[in-house]
Amino acid sequence: MRPLSRPSSARAAASLREPRMQPMKPSAMSKRKVKDSSAESAESISQMQKILRERFCHHCAAGKLAGMEQQYRHLLELLKRTTVHGESNSALLIGPRGSGKTTLLNHVLKDLREMKEVRENLLEVHLNGLLQTNDKVALKEITRQLQLENVVGDKVFGSFAENLAFLLEALRKGNRTSSCPILFVLDEFDLFVHHKNQTLLYNLFDISQSAQTPVTVIGLTCRQDILELLEKRVKSRFSHRQIYLMNSFNFTQYMKIFKKELSLPDEFPDETFAQKWNNNAQHLSEDKTVQDVLRKLFQHSKELRSLHSLLMLAVSAVTVHHPLLTAADLQEASRQHSSDSKANIVHGLSVLEICLIIAMKHLNEVYDGEPFNFQMVYNEFQKFIQRKAHSMYNFEKPVVMKAFEHLLQLELVQPLERPAARAQREYLLMKLLLDSSQIMDALQVYPNCPTDVKQWAASSLSWL
Amino acid sequence: MPNLEHPAYPAADLLRLESLVPCRESQVSMLLSIFGERQHFSFPSIFIYGHTSSGKTYVMQTLLSTLQLPHVFVNCVEYFTSRLLLEEILIKLQSCSGTEQTSPVRCDSLNDFVRLFKQAVASQELQDQTLYIVLDRAEQLREMEANILPAFLRLQELTDTNVTVVLLSEIVWELFRPNTGCFEPFTIYFPDYSIGHLQKILTQNHPPEYSADFYAAYINILLGVFYMVCRDLKELRHLAALNFAKYCEPVVRGEANERDTRKLWKNIEPHLKKAMQTFLLIAAYLASYNPVRTDKRFFLKHHGKIRKTNFMKKHEKTSNHLLGPKPFPLDRLLAILYSIVDERVAPTANIFSQITSLVTLQLLSMVGQNDQLDGPRYKCTVSLDFIRAVAR
């Protein structure tokens, strides 16, 4: 008989300490039964992980999108008009990072392609501001995606407009009698705005207004001031149609979205497992601890991407020995998510480095945040050593310098300007990138901190 | 009882992995659960941060190679421009599938990279397995073009393949984030080793001639002294190796004397040559740090009184020692030198060549352009402690 192994991670251990959440259906499974059905449940769990991971990490559109129904309808209508009725158009999808712009667009396109009238009819060109960093590259990419490289061959064009017109003409002369609608998707739209003369944008918007071929241009951007960045002639050719994804749901809707994102679809092969899992999701959404965890996340950032990241971390803890998600899993995931990274780094510093940080803290207090250099910090440290220190050894200057350089390397201390080649390092002016409260909090949890160091940190330096 | 467990990987491999990464079980466990099964998707980007020698590079390399997960490992400082980095990733990707021949790769931009990457992944027998791209010293990515870092963070989306990018750095994520935001990676902290962990790891590699207990006692003493200053595992290992011989001396017999005398004689020769340079250096230090008006007082046999003016009182507080060295002209240096050295020293070419060699050694630095009308000006770049040590 195979013994049940010890749980592997802190998360699983934590869940053992908390009362295990029982699923709604009383499943009186004895240990022997678990062993028998573990083979099937392993397969189901693997399936569940596959589906949920794709949903959370790869943003595969699953079922209906939560919280974006109105924007979905708007975008779908717009694209239908292009593909079915041959209307040209342009629109901008605006929303903060992680709000779901790309997911929404992909979802709409997926549903669009399933419509009979659209299937053979739509040409898509996907551009990304991160990849196509200038208009020449962008034009080559457009040519490549429209599969017109052979047609263009070695031709040299006078201007961007000529080239683009040639491409459209080439598409028309293909084996299609009428012109095929083209959809241009520009991701990271705000990066295209920085290209020279905004040529690409000007031309794309121009053909979306005047060409015979139905062309729709959809831009996705996180910048809400995008219209101000457009040149006047570009702006005038834009239809000014903007679709906003402002995450304007409240907490109750957020909880509903949580439940929906966690639920398995109806087509899941193992129905019993799916039923149990979805019931558990319902149970979790009513649980007070879970609501607290989600409220904390909601207040920090409403974007669905953060929610997905949290759920991904929690779901990765689900294994055959721990087949259902628990409130403790979500709590642990939340704790992992919201740890203060600077505090973590300070935790790993040596005592000497901590002393230097305290010295800098005192300098900041006395001189009102004026920049300091190493020599001043060393002086301050010496004062402490000579008057108050019992546990600290009086280290030689090169040793202290090395500790200071380590702080520089970690970028906890930053020079005001880039050091010139021949400047001496000890006299460069610097500033500390930690504030007083962060330092005091870090000292509370710092392991083996000598008491006199702690006292020095707290004292108000009346002995100058 | 093994600590690491995962249904997707054979238990034997996990056991071996556990033995290779002491004191890092919980981090490896977390990574395993995030990676999931081989073909499952994972976070598009993971950011691992922690102090140097906290095991980030070692653990990642060990984990990926022990479990034979397809991966590419590149150091961003070694391949410090975007072009070098992208080409190296593509080259390493070729050898990932085990092909002996690596054809030269030409990759000008990120656009080309994405296209070539998609081709490479499609042609390989990855069978839907997650490909891991690990970028070590990732803080260097900030120095490259602005689109490199955001693109790597969302490489999974840009290439539409099952790839996860892992960034390793000792700088916190907040200092990486671009102004307009980016795809946030999943951050993992590799905590510093506690004193107990360090004890355990350092006592693992004890020299075979001595017993483990003897070495453990030595490590205990070593940590007691050095832990205050240094928690870096690599440095502690080095210190342990360095000082172990001294620790063993009471146990081992002393060295012979003959070898010592020959060494002494060899040492004296260069010291004689350095004597003149030492005097010059001290003179330069005095010139830099004493204000000009005190020259007369310190260096002349007969000096007058110096009246303190209001101007001087206001600026007394800022000690010259704290602010740094001031430049001085060559004449002043020579004047001070003559007053320090008792015998008459003529301004021979020897003196001037020695001054130049001090500049080359960077003990003095030249201030201003070469063709100044007043003559060259210098600045002393060594500290008071160095001067004190040299003056003895």
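Scroll up a little and you will see the structure.
Residues numbered from 1 in each chain as written. Chains lettered and ligands numbered in written order. Predicted model: local features only at pLDDT ≥ 70, side-chain atom pairs only at ≥ 80, totals over all residues. Heavy atoms only, no water.

Q: Explain the overall build of chain B here, please?
A: A tally of regular secondary structure across chain B gives 17 helices and 8 strands. When each of the 392 residues of chain B is scored for burial, the buried share is 45%. In chain B, of all internal contacts separated by at least 6 residues, the share reaching a separation of at least 24 is 72%. Within the structure as shown, chain B displays about 21600 Å² of accessible surface, and the carbon and sulfur contribution to it stands at 55%. (Helix = DSSP H or I, 4+ residues; strand = E, 2+ residues; numbered from the N terminus. Buried < 20%, exposed > 50% of the residue type's maximum accessible area, 1.4 Å probe, protein only. Contact = heavy atoms within 4.5 Å. Areas by Shrake-Rupley, 256 points an atom, 1.4 Å probe, with all protein chains shown as cover.)

Q: What is the right way to read the overall build of chain A from this model?
A: Across its full length, chain A carries 23 helices and 7 strands. Counting only residues that meet the buried cut, chain A has 51% of its 464 residues in that class. Long-range contacts, defined here as pairs at least 24 residues apart, represent 76% of the contacts in chain A between residues at least 6 apart. Accessible surface, chain A: about 22800 Å² in total, of which carbon and sulfur atoms supply 49%.

Q: Sorry if this is basic, but what is going on with the side chain of S301 of chain A here?
A: Residue and element names in this part refer to chain A. Within the secondary structure, S301 sits in the loop between α15 (288–300) and α16 (304–315). Separated by 2.9 Å, the side chains of S301 and S306 make a polar contact. The residues touching S301, leaving out its near neighbours within four places in the chain, are Y254 and S306. (Polar contact = N/O pair within 3.5 Å; in protein donor to acceptor, adjacent residues only side chain to side chain.)

Q: In this structure, what is going on with the interface of chain B and chain A? I would like to understand it.
A: Many analyses report the size of an interface as the accessible area lost when the parts associate. Contacts between the two partners involve 66 residues from chain B and, on the opposite side, 68 residues from chain A. Around 5800 Å² of area is buried between chain B and chain A when both sides are counted, 53% of it from carbon and sulfur atoms. Counting across the interface, chain B meets chain A through 3 salt bridges. Counting across the chain B and chain A interface gives 21 residue pairs in polar contact (both at pLDDT 80 or more). The set of elements that each furnish at least two residues to the side of chain B that touches chain A consists of α2 (25–35), α5 (110–123), α6 (148–153), α7 (155–159), β5 (186–189) and α14 (320–323) of chain B. It is α2 of chain B that contributes the most residues to the side of chain B that touches chain A, 5 residues altogether. (Buried area = accessible area lost by both parts, 1.4 Å probe. Salt bridge = Lys/Arg side-chain N within 4 Å of Asp/Glu carboxyl O.)

Q: Would you explain the sheet that holds strand β2 (residues 71–75) of chain B in this entry?
A: Paired through their backbone hydrogen bonds, the strands of a sheet run either parallel or antiparallel. Residues and elements named next belong to chain B. Taken in spatial order, the 5 strands make up an open sheet running β2-β3-β4-β1-β5, and their pairing is parallel. The open sheet is flanked by β2 and β5, the only strands paired with a single partner. Put simply, the sheet's adjacent strands are angled 20 degrees from each other on average, direction ignored. Looking at chain direction, strand β1 (residues 45–49) and β5 are connected through 4 bridges and run parallel. Looking across to β5, one finds that I48 is bridged to I188. Set on the sheet, α2 makes contact with β1, β3 (131–136) and β5; between it and β5 the angle comes to about 160 degrees. (Pairing = 2+ DSSP bridges. Axes fitted to C-alpha atoms, helices over the stretch in contact; angles between N-to-C directions.)

Q: Can you help me understand the pattern of salt bridges in this one?
A: Opposite charge on two side chains lets them pair, provided their charged atoms get close. Applying the stated criterion across every chain, the model contains 25 salt bridges over all chains. For the salt bridge of E124 of chain A with R113 of chain A, the shortest nitrogen-to-oxygen distance reads 2.8 Å. Here the residue E124 of chain A occupies a position in strand β2 (residues 123–128), and R113 of chain A occupies one in helix α4 (residues 101–113), the gap between them amounting to 11 residues. A residue is classified by how much of its surface remains accessible, and R113 of chain A, at 39% relative accessible area, is partly exposed. Connected through salt bridges with shared partners, the residues R97 and E188 of chain A together with R154 and E157 of chain B form a single ionic network.

Q: Whenever I open this one, helix α13 (residues 251–262) of chain A confuses me. Can you help?
A: Since the α-helix turns once every 3.6 residues, residues separated by three or four places project in the same direction. Under the 1.5 Å per step criterion, the end-to-end length of α13 of chain A is 16 Å for 12 residues, consistent within 8% with the ideal 16 Å. Sitting at the head of α13 of chain A, N250 of chain A places a side-chain oxygen 3.2 Å from the backbone nitrogen of T252 of chain A. (Expected span 1.5 Å × (residues − 1).)

Q: Quick question: what am I supposed to make of the packing of aromatic side chains here?
A: Each pair of aromatic rings is reported with the distance of its centres and the angle of its planes. Residues and elements named next belong to chain B. Tallying each qualifying case throughout the model produces 21 aromatic pairs over all chains. Taken together, the ring pairs in this structure connect F47, Y49, W173, F176 and Y189 into an aromatic cluster. Sitting above the plane of the Y193 ring, R24 keeps its charged end 4.4 Å from the centroid. (Phe/Tyr/Trp six-rings, centres within 6.5 Å; stacked < 30°, edge-to-face > 60°. Lys NZ or Arg CZ within 6 Å of the ring centre and 35° of its normal.)

Q: Can you walk me through the packing of α15 of chain A against helix α17 (residues 327–337) of chain A in this structure?
A: Two measures define how a pair of helices packs: the angle their axes make with one another and the distance between the axes. Residue and element names in this part refer to chain A. Running from N to C, α15 and α17 point in directions that differ by 25 degrees, and their axes come no closer than 9 Å. Judged by the inter-axis angle, α15 sits roughly parallel to α17. Viewed along their axes, α15 and α17 form a crossing whose handedness is left-handed. Residue-level contacts link T289, V290, V293 and K296 of α15 to A327, L330, Q331 and S334 of α17. In terms of residue class, the contact of α15 with α17 is made up of 4 nonpolar, 3 polar and 1 charged. (Parallel < 35°, antiparallel > 145°, perpendicular 65-115°, else oblique. Left-handed = near helix turned anticlockwise from the far one by under 90°. Nonpolar A, V, L, I, M, F, W, Y, C, P; charged D, E, K, R; others polar.)

Q: What is the right way to look at the sheet that holds strand β8 (residues 377–380) of chain B in this model?
A: Residue and element names in this part refer to chain B. With respect to topology, 3 strands assemble into an open sheet ordered β6-β8-β7, the strand pairing being antiparallel. Both edges of this open sheet fall to β6 (328–329) and β7 (364–367), since each of them pairs with a single strand only. Here β6 pairs with β8 via 2 bridges, running antiparallel. Directly across from F328, in β8, lies its bridge partner Y378.

Q: What should I look at first to understand the nonpolar core in this one?
A: Ranked by size, the top nonpolar core spans 108 residues in total, and within it M392 of chain A together with L135 of chain B carry the most contacts. If one sorts the elements of this core by residue count, helix α19 (residues 351–366) of chain A sits on top with 10 residues. (Core = buried A, V, L, I, M, F, W, Y, C linked by side-chain atoms within 4.5 Å.)

Q: Whenever I open this one, helix α3 (residues 56–66) of chain B confuses me. Can you help?
A: Residue and element names in this part refer to chain B. If you check which residues of α3 are buried, you get K56, V59, M60, T62, L63, L64 and T66. Looking at the buried side of α3, the elements it contacts are α1 (11–20), α2, β1, β2, β3 and β4 (163–169). Count one or two residues on from α3 and you reach Q68, which has phi positive near 55 degrees.

Q: I'm lost on the environment of C60 of chain A in this one. Help?
A: All names here are of chain A. Tracing the chain through its elements places C60 in the loop between α2 (31–57) and α3 (69–85). Take C60: its relative accessible area is 31%, and that puts it in the partly exposed class. In sequence terms C60 and H107 are 47 residues apart; their C-alpha atoms lie 8.3 Å from each other. Ignoring anything within four residues of it in the chain, the contact list for C60 reads E54 and R55.

Bear in mind that shape data such as this cannot, by itself, settle questions of function.
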